[in-house]
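# Architecture and fold: a report
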Amino acid sequence: MARKILIWVIFYLGTIVAASSAALWEIQSYYFALEQPFFAPPAWLFGPVWTILYIFVATIGYRIVMLPQSDIKPVLIALWTLQFALNTIWTPSFFGAQNLGIALIYIGALDIVVLISMALLWTRDRISFWLALPYMAWIGFATALNAGFFLLN
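Sequence positions are assigned chain by chain, starting from 1 and proceeding in written order. Residue-level local features of this predicted model are given only where pLDDT is at least 70; pairs of side-chain atoms are given and counted only at 80 or more, and the full residue set underlies all totals for whole chains, interfaces and linings. Excluded from the side-chain calculation are hydrogens and water; included are all heavy atoms of the structure.

### Brief notes about the UniProt feature "transmembrane region" (unreviewed entry) in the chain
UniProt positions are given in the numbering used here, feature names are shortened, and annotations may be inferred rather than shown by experiment. Summarizing the sequence annotation, UniProt attributes the feature "transmembrane region" (unreviewed entry) to residues 5-25, 45-65, 77-95, 101-122 and 129-152 in the numbering used throughout. Strands are runs of DSSP state E lasting at least two residues, helices are runs of H or I lasting at least four, and both sets are numbered from the N terminus onward. The annotated region residues 45-65 carries 95% helix and 0% strand content, and the separation between its end C-alpha atoms amounts to 31 Å. Within the segment residues 77-95, helix and strand shares are 100% and 0% respectively, and the terminal C-alpha atoms sit 28 Å apart.

Structural data, given as C-alpha cells:
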C-alpha cells in the first residue's frame, strides 16, 4: 500500500513541478493587459480549478501505470506523457513567449491527445475516463479562451 501511495505522490509532485513554471513569468500583468474575450472567467478561478484537475491528471497517470500489462498500456502511458508535456509547454508559450498562436497550437494538440486517451480509457479504465472528462471540458474551454485571446490580440 505504501508503494502505491508513493507512486501516486510522485505523479502529483510531477504535476506541481509542471504547474510551478507559471511562477517564472509575470502572469497577472500580461493576462490583464490582453483584450479579454467576453467569456473569460475571473482570474481567481484558475488556481482552484487547476489544483483539482492536476489531482485528476496525477490519478489518471497512476491508474494507467497500475493497469495490468497489455498491448495498449504502453500506448496509454505514452499518451499520458504527451498530454502532460503539451499541458506543461502551454504556460511558457502563452505567458513566457507571449505567443498566443503557438499556445493555441499546443492546446489544440492537447485536446486531441486527451480525446484519444479518453477513447482508449473508456474500455480499459472507466474511473480514469470519468476523471479525464472534467479535464477535457476545462481544456476545451481553455482552447476557446486561447482562441479568443488570439483573435482579439
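### Description of the pattern of salt bridges
Salt bridge, as applied in this entry: a Lys or Arg side-chain nitrogen positioned within 4 Å of an Asp or Glu carboxyl oxygen. For the structure on display, the rule yields 1 salt bridge. With a closest N to O distance of 2.7 Å, Arg63 and Asp125 form a salt bridge. Remark: Asp125 occurs in the loop between helix H5 (100-124) and helix H6 (126-152) and Arg63 occurs in helix H3 (residues 46-66); sequence separation between them is 62 residues.

### Regarding unusual backbone geometry
Glycine aside, residues mostly have negative phi, and peptide bonds are mostly found in the trans state. In the Ramachandran plot, Gln98 falls in the positive-phi region, its phi being about 55° despite a non-glycine side chain. The residue Gln98 is located in the loop between helix H4 (73-96) and H5 in this model.

### Description of the packing of H4 against H5
For the pair H4 and H5, the least separation of the axes is 9 Å and the interaxial angle reads 155°. Of the possible angle classes, the one that applies to H4 and H5 is roughly antiparallel. In the packing of H4 onto H5, the handedness of the crossing is left-handed. The class makeup of the residues in the contact of H4 with H5 is 20 nonpolar, 4 polar and 1 charged. Simply put, an axis is a line fit to the C-alpha atoms, just over the touching stretch for a helix, and the angle between two N-to-C directions goes from 0 to 180 degrees. Note on terminology: angles under 35 degrees are roughly parallel, angles over 145 are roughly antiparallel, angles of 65 to 115 are roughly perpendicular, and the others are oblique. Each crossing gets its handedness from the near helix: less than a right angle anticlockwise from the far helix is left-handed, clockwise is right-handed. Just so you know the grouping, Ala, Val, Leu, Ile, Met, Phe, Trp, Tyr, Cys and Pro go in nonpolar, Asp, Glu, Lys and Arg go in charged, and all remaining residues, Gly too, go in polar.

### Considerations on the environment of Pro134
Tracing the sequence through the fold places Pro134 in helix H6. Sequence spacing of Pro134 and Phe56 is 78 residues, and the spatial spacing of their C-alpha atoms is 8.8 Å. Those residues within four positions of Pro134 in sequence are excluded, and the remaining contacts are Leu53 and Phe56. Whether two residues are in contact is decided by their heavy atoms: any pair within 4.5 Å suffices.

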